[in-house]
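Examination of the molecular architecture
Given next are the chains, with one letter for each unit.
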Amino acid sequence: MKKPLISCIIPVFNGERYLTEGLDSILAQTYRPIEIIVVDDGSTDGTRELVASYGDQVRYLWQPNSGPATARNQGLSAASGEFVAFLDADDLWHPEKLERQMARFDARPELDLCVAHVQNFWIPELHEEEEQFRNHRVARPLPGYVTESLLATRSLFKAVGPFNTALGHGDSTEWFLRAAEHGAVTELLPDVLSYRRLHQANRSRLLASNSRDEFVKIVKAVLDRRRLQNKTKLSDDDSEQE
Amino acid sequence: MQALHHRLRPRGEEVAAKVIDGEAIIINLANGIYYSMDKVGGLIWDLVQVGYSLEEIIVAVTERYDVSRERVQADVQELVEELLRENLVSVLENGASVEKRQLEQQEKHLYEVPKLNIYRDMGDLLALDPPTPGLGDTPWKDPEDETPKK
């Protein structure tokens, strides 16, 4: 039987420093067929040339700088795979990431999305910080409800909708919350299949102060939607009784 | 039971909170548990954030709602114990007084017991990517975690 195509989407903004490693970790996947789509979020460094050096193996899209959520959505629109996966330009995949996750979709045809554990790792320049956090939770594998661990059917994105481009940091969490509300069938693998590089310029560090407010608003919206649903459900039940 | 001149302070590093449309949304970033309180509860959290003492909160609630002071005092004390149990606030025994808000409403609203709604379905979702102010201040704590030294 023909194996389904997986579209691998990488949003990147000035990512030339680590992008080669990321792309190579996709090309090293034991699973085929794949298509690789890099969405350049208005980089001003050598990202374009770097991607060009991969020739036909990597598709290159460009957009004016508008954030990773918009870039991921553009990647989704261009994707032709039955499945989609995401990698951030500074992160890495385990060589068997796609294969092990696809095996779950084979075993469970009802599955909508599969995530795995993520291991943080520090760049050599942050060795001191790494030492500081040696026995801390962030140094251990964590459940990866984040895009770099996600493999999902593309049809799930049609049902749940794209990433919320109004959010600067919480777009990934907000999407997972919406997927859960939608009732997406989800599996979390115990395996570490993605590695997240911690460096000085991590977006989550730069945007941390805004993101607290953003999270509170995301949670409020989730609760509002849930209550509205319950209300609609209750009034539906009422009308059934009439 | 807390003395009435005590003030509460939201645990800044680990707790993100805001009152939106009269509803307090509170997230414990350390474990992903989130909370909501509307109506009287939303007002109380708002006043906690502003820095009101328990006494001042009780007075403000009694002014706005059709309810006896005794009832409010008992409910506020109970709510405070719950906020402390959930690790959302700490107690300031000798906080400074803050400017009071003027009451504009004419009629008193119908009182409802303030209720802290607790949601525990988001723990895993926030595990990897909690919105924290830099790793050095990271509040992700497990009982077995060693506190990072700065």
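Because the structure is predicted, anything quoted here is derived from the model rather than measured. In every chain, residue numbers begin from 1 and rise along the written sequence. Labels follow written order: the first chain is A, the first ligand is 1, and so on. In keeping with the model being predicted, local features are shown solely for residues with a pLDDT of at least 70 and side-chain atom pairs are shown and tallied solely at 80 or more, while totals for entire chains, interfaces and linings include all residues. Think of the side-chain values as coming from all heavy atoms in the structure, minus any hydrogens and water.

**Things to note about the nonpolar core**
The nonpolar core is taken to be a set of buried Ala, Val, Leu, Ile, Met, Phe, Trp, Tyr and Cys residues, with the residues joined through side-chain atoms within 4.5 Å. Relative accessibility decides the category of a residue: with a 1.4 Å probe and only protein chains considered, values under 20% of the type maximum give buried, values over 50% give exposed, and everything between is partly exposed. Counting residues in hydrophobic clusters, the biggest one holds 42 residues, and the most contacted among them are L113, L150, F157 and W175 of chain A together with I27 of chain B. At 6 residues, helix α9 (residues 208-241) of chain A tops the list of elements feeding residues into this core. Apart from residues no more than four positions distant in its own chain, L113 of chain A is found in contact with F105, L150, L151, A152, L156, W175, F176, A179, A184, V185, T186 and E187 of chain A. Listed in part, the 30 residues of the second largest apolar core include V15, Y35, A60 and V67 of chain B. Helical segments are the DSSP runs of H or I of at least four residues, strand segments are the runs of E of at least two, and each set is numbered from the N terminus. In this analysis, two residues are considered to be in contact whenever any of their non-hydrogen atoms come within 4.5 Å of each other.

**Some words on the pairing of strand β1 (residues 6-12) of chain A**
Residue and element names in this part refer to chain A. Among the 7 residues that make up β1, 7 are buried, leaving the element largely enclosed by the rest of the structure. Direction of pairing for β1 relative to strand β2 (residues 34-40): parallel, over a ladder of 7 bridges. Bridging across to β2, P11 finds its partner in V39. Since β1 and β2 lie parallel, the crossover through helix α1 (residues 16-27) that links them has a hand, and here it is right-handed. Where β1 and strand β4 (residues 83-86) come together, 4 bridges link them in parallel fashion. Strands are treated as partners if at least two bridges between them are detected by DSSP. Convention used here: a crossover is right-handed provided that the path from the first strand, over the helix, to the second strand proceeds clockwise when the strands point away from the viewer.

**Notes on the pattern of salt bridges**
One speaks of a salt bridge when a side-chain nitrogen belonging to Lys or Arg is within 4 Å of a carboxyl oxygen belonging to Asp or Glu. Enumeration according to the criterion identifies 25 salt bridges over all chains in this entry. Close ionic contact of E131 of chain A with R134 of chain A constitutes a salt bridge, the shortest N to O distance being 2.4 Å. Notably, a salt bridge pairs E55 of chain B with R69 of chain B, separated by 2.9 Å at the nearest N-O pair. Pair noted here: E55 of chain B is in helix α2 (residues 54-64) and R69 of chain B is in helix α3 (residues 69-85), with a separation of 14 residues, a long-range link. Residue R69 of chain B is classed as partly exposed on the basis of its relative accessible area of 27%. Overlapping salt bridges bring together R104, R108, E110 and E187 of chain A as one network.

**Quick word on the side chain of E56 of chain B**
All names here are of chain B. Examined against the element boundaries, E56 turns out to sit in helix α2. Relative accessible area serves as the criterion here: at 18%, E56 is assigned to the buried category. Here a polar contact means two N or O atoms within 3.5 Å. Within protein one must be a hydrogen donor candidate and the other an acceptor candidate, and residues neighboring in sequence count only if both atoms are side-chain atoms. Within the local environment of E56, its side chain forms a polar contact with the backbone nitrogen of S53, the two atoms lying 2.7 Å apart. Apart from residues no more than four positions distant in its own chain, E56 is found in contact with R7, G51, S97 and K100.

**A closer look at the packing of helix α1 (residues 40-50) of chain B against α2 of chain B**
Residues and elements named next belong to chain B. Put simply, α1 and α2 touch, their axes get as near as 10 Å, and they point 145 degrees apart. For the pair α1 and α2, the crossing hand works out as right-handed. Contacts from V40, L43, I44, L47 and V48 of α1 reach α2 at I57, A60, V61 and R64. The convention used is that axes are lines fitted to C-alpha atoms, helices contributing only their stretch in contact, and that angles between N-to-C directions extend from 0 to 180 degrees. Here is the rule for handedness: rotate from the far helix to the near one, and if that takes an anticlockwise turn smaller than a right angle the crossing is left-handed, while a clockwise turn gives right-handed.

**Some details on the sheet that holds strand β2 (residues 15-20) of chain B**
Residue and element names in this part refer to chain B. Taken together, 4 strands build an open sheet; the order of strands is β2-β3-β4-β8 and the sheet is antiparallel. The sheet is open, and its two edges are formed by β2 and β8 (117-119), each paired on a single side. Between one strand and the next, the sheet's axes are offset by a mean angle of 15 degrees, whatever the strand orientation. Across 6 bridges, the pairing between β2 and strand β3 (residues 23-28) is antiparallel. Its bridge partner being in β3, A17 is matched across the sheet by I26. Its contacts with the sheet place α1 against β2, β3 and β4 (34-37), and it is angled at close to 125 degrees to β2.

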